[in-house]
Amino acid sequence: MGDVALSFDNGPDPAVTPHVLDVLAHRGVRASFFVLGKNIASADRKKLTERAAAERHRIGNHSFTHRVPLGNDTGSDAVEREIAATERLLGALAENPKLFRPFGGGGKIGPHLLSPAAVDHLIANQYTCVLWNCVPEDWIDQDAWVDRALADAASKPETLVVMHDVLPRAMSHLDRFIGSLLDAGHRIVAEFPAACVPIERGRVVRDMSGFVAGADVATA
Ligand SMILES: [Zn+2]
């Protein structure tokens, strides 16, 4: 059985994130939180991300509005409005290197994920870009996602699971999910699988052509 990294997107959420942090603390595992700028713009919500950072979880940028995937966002200010504005709010909570996870709309990986301008920005600002290889669709079936994620984890040596700490019912199964992973012999790790990291500290280390709009971009 392989290594499994846990990540939580779209938060923080006052009704769900504290529970997720409690479960992770109880289990003694580290995870990653890819937060939205529009959420941490509220001081109360930002406190939840501060707690996550204090508990040694990894904090990354997941855009400001999460509305239009960057590869489809034709606004000339998209990079500033979605990536840079969120990073300013994260401030010292961001790790070094800074982490950015584009959003796919339903977890799909494709050329809609990033624009050439976004890639340029990630490179120029020495980001690590974090994708995923397991989306159990916890927002579609807030119960059955656990079995889908377990089956996925059993099928590969390194799994990076995307969950959402904004879904109370889905996250009510988190402790059982972690217990099942451990029972199955998986190791829960904070590091991301290399295959899910196309840009590392501003360096393109994998072929980006599959997830950049226009695809006229430097490849590894
Ligand atoms: Zn998302």
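For the structure, see preceding data.
In what follows, the accompanying structure is described.

The rules behind each value
Residues numbered from 1 in each chain as written. Predicted model: local features only at pLDDT ≥ 70, side-chain atom pairs only at ≥ 80, totals over all residues. Heavy atoms only, no water. Helix = DSSP H or I, 4+ residues; strand = E, 2+ residues; numbered from the N terminus. Donors = N, O, S within 2.8 Å, 3.2 Å for Na, K, Ca; no water. Buried < 20%, exposed > 50% of the residue type's maximum accessible area, 1.4 Å probe, protein only. Axes fitted to C-alpha atoms, helices over the stretch in contact; angles between N-to-C directions. Parallel < 35°, antiparallel > 145°, perpendicular 65-115°, else oblique. Left-handed = near helix turned anticlockwise from the far one by under 90°. Contact = heavy atoms within 4.5 Å. Nonpolar A, V, L, I, M, F, W, Y, C, P; charged D, E, K, R; others polar. Core = buried A, V, L, I, M, F, W, Y, C linked by side-chain atoms within 4.5 Å. Salt bridge = Lys/Arg side-chain N within 4 Å of Asp/Glu carboxyl O. Pairing = 2+ DSSP bridges.

1. Observations concerning unusual backbone geometry
Item 1. Omega for the peptide link from Gly-11 to Pro-12 comes to 0 degrees, which places this bond in the cis form.
Item 2. Tracing the chain through its elements places Pro-12 in the loop between strand S1 (3-9) and helix H1 (17-27).
Item 3. The peptide bond linking Asn-96 to Pro-97 adopts the cis configuration, its omega dihedral lying at 0 degrees.
Item 4. Mapped onto the fold, Pro-97 is located in the loop between helix H4 (78-90) and strand S4 (99-100).
Item 5. Phi angles above zero are rare outside glycine, and Ser-63 is one such case at about 85 degrees.
Item 6. Structurally, Ser-63 is set in the loop between strand S3 (58-61) and H4.

2. Observations concerning the coordination of the zinc ion
Item 1. Around the zinc ion, the protein contributes the donor atoms Asn-10 (OD1), His-62 (NE2) and His-66 (NE2), which lie 2.1 to 2.2 Å from the metal centre.
Item 2. Every donor residue of the zinc ion comes from the same chain, spaced as N-x51-H-x3-H.
Item 3. Owing to a relative accessible area of 2%, His-62 belongs among the buried residues under this scheme.

3. Examining the packing of helix H6 (residues 145-154) against helix H8 (residues 174-183)
Item 1. Contact geometry for H6 and H8: axes closest at 10 Å, N-to-C directions at 25 degrees. In terms of orientation, H6 and H8 fall into the roughly parallel class. Once H6 is placed against H8, the crossing between them reads as right-handed. Contacts between H6 and H8 involve Trp-145, Val-146, Ala-149, Leu-150 and Ala-153 from the former and Arg-176, Phe-177, Ser-180 and Leu-181 from the latter.
Item 2. A breakdown of the residues in the contact of H6 with H8 according to their chemical character gives seven nonpolar, one polar and one charged.

4. A word on H8
Item 1. Along H8, the positions that sit buried rather than exposed are Leu-174, Phe-177, Ile-178, Gly-179 and Leu-181.
Item 2. Elements that come into contact with the buried residues of H8 comprise S1, H1, H6, strand S6 (158-164), helix H7 (168-171) and strand S7 (187-189).
Item 3. Gly-185 lies just past H8 and shows a positive phi near 95 degrees.

5. Let's talk about the environment of Leu-160
Item 1. Inspection of the secondary structure puts Leu-160 in strand S6.
Item 2. The spacing of Leu-160 and Val-189 is 29 residues in sequence and 9.5 Å in space, taken between C-alpha atoms.

6. Remarks on the nonpolar core
Item 1. Core analysis: the biggest nonpolar cluster contains 34 residues, and Leu-6, Phe-8, Leu-24, Phe-33, Met-163 and Phe-177 have the highest contact counts within it.
Item 2. If you tally residues by element for this core, the top one is H6, at five residues.
Item 3. Those residues in contact with Phe-33 that sit more than four places away from it in its chain are Phe-8, Thr-17, Val-20, Leu-21, Leu-24, Ala-52, His-57, Arg-58, Ile-59, Gly-60 and Asp-165.
Item 4. With 20 residues, the next largest nonpolar core counts Ile-83, Phe-100, Tyr-127 and Cys-129 among its residues.

7. Structural notes on the pattern of salt bridges
Item 1. Summed over the entire model, instances satisfying the criterion amount to 13 salt bridges.
Item 2. In this structure, the salt-bridge partner of Arg-101 is Asp-9, at a minimum N-O distance of 2.8 Å. In this pair, Arg-101 is assigned in the loop between S4 and helix H5 (116-124) and Asp-9 in strand S1, connecting sequence segments 92 residues apart.
Item 3. For Asp-9, a relative accessible area of 3% gives the class buried.

8. Considering the pairing of S3
Item 1. Side chains Arg-58 and Gly-60 project from S3 onto one buried face, and the interleaved Ile-59 and Asn-61 project onto a second face that is buried too.
Item 2. Examined bridge by bridge, strand S2 (residues 32-35) and S3 share four bridges and lie parallel to one another. Paired with Ser-32 across the bridge in S3 is Arg-58.

The values reported here are purely geometric and, on their own, carry no functional implication.
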